Amino acid sequence: EDKVVQSPLSLVVHEGDTVTLNCSYEVTNFRSLLWYKQEKKAPTFLFMLTSSGIEKKSGRLSSILDKKELFSILNITATQTGDSAIYLCAVYSSNYKLTFGKGTLLTVNP
Amino acid sequence: ETGVTQSPTHLIKTRGQQVTLRCSSQSGHNTVSWYQQALGQGPQFIFQYYREEENGRGNFPPRFSGLQFPNYSSELNVNALELDDSALYLCASSWWGQGASEQYFGPGTRLTVT
């Protein structure tokens, strides 16, 4: 059975800190890994990673994939209170099935 | 470009009843996936529809069924509701072309079964 494990499950930091969120996976026929941010209801898309070692960056957020060690990290630098959310990692194991981890609850205090 | 929309926003049903949830996909997308998200958990894949046919299914019983229409909108039907069906139901649309593509989520329907 496909499995995606995120750590830590929750994290509390102060504004300005840098955080690293982890995602490891065990899936058959890996295709790509996706990161989402969920604040209230709808998860919003952040990144899709397909190739190892190529960093994707958007503002203060960046992510990288290691297909040999089967994990990905999401980095957030200079955190702001607006970064408080649940961050979800998901893996495509085929063209149709997206398997999610439980998420990391990030709280950024002023 | 319009995003993914879902209706209704909230719904309260009694155990044993049936429910239909609706989703309109983002313009330009041809694939719809449905997920169930229980409190404190990540979304769980229910099924995906492409070209009006079920294209893959997660570990959900047959009382969870769906439809996709020619305009790519979709319905999720759940029969014989159980208390454990209480959850946020998310719909996501994507473009199925070559390989997997990012899925964009709607705001969800919060279903409470009493």
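This text follows the structure it describes.
Numbering of residues starts from 1 in each chain and follows the order in which that chain's sequence is written. Chain labels run from A onward and ligand labels from 1 onward, assigned in the order the entries are written. Owing to the predicted nature of the model, reporting of local features is limited to residues with pLDDT of at least 70; listing and counting of side-chain atom pairs is limited to 80 or more, with chain, interface and lining totals taken over all residues. To get the side-chain values, all heavy atoms of the structure are used, and hydrogens and water are removed first.

A. Looking closely at the interface of chain B and chain A. Note on contacts: a residue pair qualifies if any of its non-hydrogen atoms lie within 4.5 Å across the two residues. Listed per partner, the contact involves 26 residues of chain B and 18 residues of chain A. Between chain B and chain A the total buried area reaches about 1,900 Å² when both faces are included, carbon and sulfur atoms providing 58% of it. Definition used for salt bridges: Asp or Glu carboxyl oxygen within 4 Å of a side-chain nitrogen of Lys or Arg. For the pair chain B and chain A, the interface holds zero salt bridges. Any pair of N or O atoms that falls within 3.5 Å is considered a polar contact. Within protein, one atom must be able to donate a hydrogen and the other to accept it, and sequence-neighbouring residues count only if both atoms are side-chain atoms. At the surface where chain B touches chain A, the tally comes to three residue pairs in polar contact (both at pLDDT 80 or more). What counts as a helix is a DSSP run of H or I of at least four residues, what counts as a strand is a run of E of at least two, and both are numbered from the N terminus. Going through the elements one at a time, β4 (31–37), β5 (44–50), β6 (53–57), β9 (87–94) and β10 (104–105) of chain B are the ones with two or more residues in the side of chain B that touches chain A. At three residues, the largest contribution of residues to the side of chain B that touches chain A is made by β6 of chain B. Following the grouping adopted for this structure description, the nonpolar residues are Ala, Val, Leu, Ile, Met, Phe, Trp, Tyr, Cys and Pro, the charged ones are Asp, Glu, Lys and Arg, and the polar ones are all others, Gly among them. Here the side of chain B that touches chain A is built from residues that sort into 10 nonpolar, 14 polar and two charged. In short, buried area is how much 1.4 Å probe accessible area vanishes from two parts on joining, totalled over both.

B. Local environment of the state of the cysteines. All names here are of chain B. Cysteine sulfur atoms that pair up within 2.5 Å are treated as a disulfide. For the structure on display, the rule yields two disulfides over all chains. There is a disulfide in this structure between C23 and C91, and the S-S distance comes to 1.7 Å. Between C23 and C91, the S-S torsion sits near -45°, and that sign places the bridge as left-handed. Note that C23 is positioned in strand β3 (residues 19–24) and C91 in strand β9, a separation of 68 residues in sequence. For the pair C23 and C91, a shared accessibility class is recorded, and that class is buried. Only protein chains enter the accessibility calculation, which uses a 1.4 Å probe; a residue is then buried when its area is under 20% of its type maximum, exposed when over 50%, and partly exposed in between.

C. Layout of unusual backbone geometry. In this structure, P8 of chain A follows S7 of chain A across a cis peptide bond, with omega equal to -10°. In this structure, the amide linkage connecting S7 of chain B to the following residue, P8 of chain B, adopts the cis form with an omega of -5°. With respect to the secondary-structure elements, P8 of chain B resides in the loop between β1 (5–7) and β2 (10–13). With phi around 50°, R51 of chain B is a residue other than glycine that occupies positive phi space. Judged by its relative accessible area of 65%, R51 of chain B is exposed. Residues other than glycine seldom take positive phi values, yet A80 of chain B does so here, at roughly 45°.

D. Broad picture of the packing of aromatic side chains. Pairing of aromatic rings covers Phe, Tyr and Trp, the last through its six-membered ring, and needs centres within 6.5 Å; plane angles under 30 degrees mean stacked, over 60 mean edge-to-face, and all others mean tilted. Applying the stated rule across the entire model yields 11 aromatic pairs over all chains. An aromatic cluster of at least three residues, connected via ring pairs, comprises Y36, F45 and F100 of chain A together with Y35, F45, Y104 and F105 of chain B.

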